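Okay, here's what each chain looks like letter by letter:
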Amino acid sequence: MITPAAAEVQITRMISGLDQPWGIALLPDASVLITEKEGRLLHVRGGKVHEIGGLPKVTDRGQGGLLDITLPRDFETSREVFLTYSKPQRSGSGTALAIARLPENASQLVDLRDIFVMAPGSSGGRHFGSRVVEANDGTLYLTIGDRGNRPAAQDRSVHNGSIVRVNRDGSVPSDNPFVGQPSVLPEIWSFGHRNPQGAGLDAQGRLWTSEHGARGGDEVNFIRKGANFGWPVISYGRHYSGAKIGEGTRKPGLEQPAHYWDPSIAPSGLLVYQGAMFPEWRSDIFVGSLKFDYIARLEVNGTQAAEVAQIKTQATDRVRDVIEAPDGSIWFVSVGNGAVYRMSRG
């Protein structure tokens, strides 16, 4: 089901021929940057595709590779971009956040540098998380999955299963919740996450995420400073074997999801809509489903959310990323179609 009426919504293919697209960013000149997981950054302008050089070396394994891309609000003056990727490390690979400049009319990133690398890296190709969001104060949130090591999501001496917050130069903000606490990494903003692959800010600048559960228990979470989101102590899902996870669905001191899905939809990109094109959708959350091939629309009530509609067409085959354009249209990445689409009012 699509609301408003299907006749009022137009979905247009904007870019095709992509190989495992992951993240998308719209440039001020209406051209588009797209990451492909194997390690390519594409610049698409006027239907022409150019590959951008100067990228970091990535570990393209399992769910790892070149992942998210985000532009800061000052892009027109700074020309900087933020990239997330799985960085090769001695013990395997780990989620990293890099910053670089894209000079105007250039085909090469310059001044590339990592501003955060998770510690420690690990073998395997699961649960990198890897969305980056610029907060209203200019700090950066980065989501990190548990890397397949469930207990590590409760261990604040490692970055597994956390959302970290860093300054743009990679330093630690002094108001992070665990600064100065022994045996706790100071970048951690929240923890107890399994694999948050979607993240976005609402109109008040508050962070929301979409997170993969196991068999059931996919979540949308309203992120609170210093909070423990429970994985793997509590969950609304079960292990793939069918076995119970942890201690049930609730425990004092652990956060409850704003919304959960059972069965799992495999959620990825998340957008909190704030545009003018669909005023009736303002403040709603949009989450792409990799499993059931739709975009979920959720209405928000305070810090809770509920799915109220599904946008499901041939275009919504494995939706990986969902973003809002300056004109209020919604752009999304379909991995299944190797394409980028624009949703507008017909």
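Residues numbered from 1 in each chain as written. Predicted model: local features only at pLDDT ≥ 70, side-chain atom pairs only at ≥ 80, totals over all residues. Heavy atoms only, no water.

A. Spatial organisation of the overall build of the chain. Across its full length, the chain carries one helix and 24 strands. In terms of overall dimensions, the chain is globule-like: its C-alpha atoms have a radius of gyration of 19 Å, near the 20 Å expected for 346 residues. In terms of overall dimensions, the chain has a C-alpha envelope of 50 × 45 × 35 Å along the principal axes. Here the chain holds 346 residues, and 57% of them are scored as buried. For the chain, restricting intrachain contacts to residue pairs at least 6 apart in sequence, the fraction spanning at least 24 positions comes to 56%. As displayed, the chain offers around 13,700 Å² of accessible surface, 47% of which is attributable to carbon and sulfur atoms. Positive and negative side-chain charges of the chain, numbering 37 and 37 respectively, have mean locations separated by a distance of 5 Å. (Helix = DSSP H or I, 4+ residues; strand = E, 2+ residues; numbered from the N terminus. Rg over C-alpha atoms; globule rule 2.2 N^0.38 Å. Buried < 20%, exposed > 50% of the residue type's maximum accessible area, 1.4 Å probe, protein only. Contact = heavy atoms within 4.5 Å. Areas by Shrake-Rupley, 256 points an atom, 1.4 Å probe, with all protein chains shown as cover. Lys, Arg positive; Asp, Glu negative; His and termini not counted. Charge placed at Lys NZ, Arg CZ, Asp CG, Glu CD.)

B. Broad picture of the sheet that holds strand E3 (residues 32-36). Pairing within the open sheet is antiparallel, and its four strands lie in the order E2-E3-E4-E5. Looking at which strands have only one partner, the edges of the open sheet turn out to be strand E2 (21-26) and strand E5 (48-52). Put simply, the sheet's adjacent strands are angled 25° from each other on average, direction ignored. Taken together, the five bridges between strand E4 (residues 40-45) and E5 define a ladder with antiparallel strand orientation. Of the residues in E5, the one forming a bridge with Leu-41 is Ile-52. (Pairing = 2+ DSSP bridges. Axes fitted to C-alpha atoms, helices over the stretch in contact; angles between N-to-C directions.)

C. Spotlight on the nonpolar core. Core analysis: the largest hydrophobic core is formed by 18 residues, its most contacted members being Leu-33, Leu-41, Leu-71 and Leu-109. Going through the elements one at a time, strand E6 (66-70), strand E7 (80-89) and strand E8 (92-101) are the ones with two or more residues in this core. In terms of nonpolar packing, the next biggest core, distinct from the first, is built from 17 residues, Val-9, Tyr-273, Phe-286 and Ala-315 among them. (Core = buried A, V, L, I, M, F, W, Y, C linked by side-chain atoms within 4.5 Å.)

D. The arrangement of the environment of Ile-24 in detail. With respect to the helices and strands, the residue Ile-24 is situated in strand E2. Look at Ile-24 and you get buried, because its relative accessible area is 3%. Along the primary structure Ile-24 and Arg-224 are separated by 200 residues, whereas in three dimensions their C-alpha atoms are 26 Å apart. Every residue in contact with Ile-24, bar those within four places of it in the chain, is listed here: Val-32, Leu-33, Ile-34, Ile-69, Asp-321, Ile-323, Trp-331, Val-333 and Val-340.

E. Inspection of the pattern of salt bridges at higher detail. The final tally for this structure, using the stated rule, is 24 salt bridges. The salt bridge involving Arg-168 is made with Asp-74; its shortest N-O contact spans 2.9 Å. Of this pair, Arg-168 sits in the loop between strand E12 (162-166) and strand E13 (188-191) while Asp-74 sits in the loop between E6 and helix H1 (75-78), and the two are 94 residues apart along the sequence. Residue classification places Arg-168 among the partly exposed residues on the basis of a relative accessible area of 21%. The closest approach of N and O atoms between Glu-134 and Arg-168, which form a salt bridge, is 3.9 Å. (Salt bridge = Lys/Arg side-chain N within 4 Å of Asp/Glu carboxyl O.)

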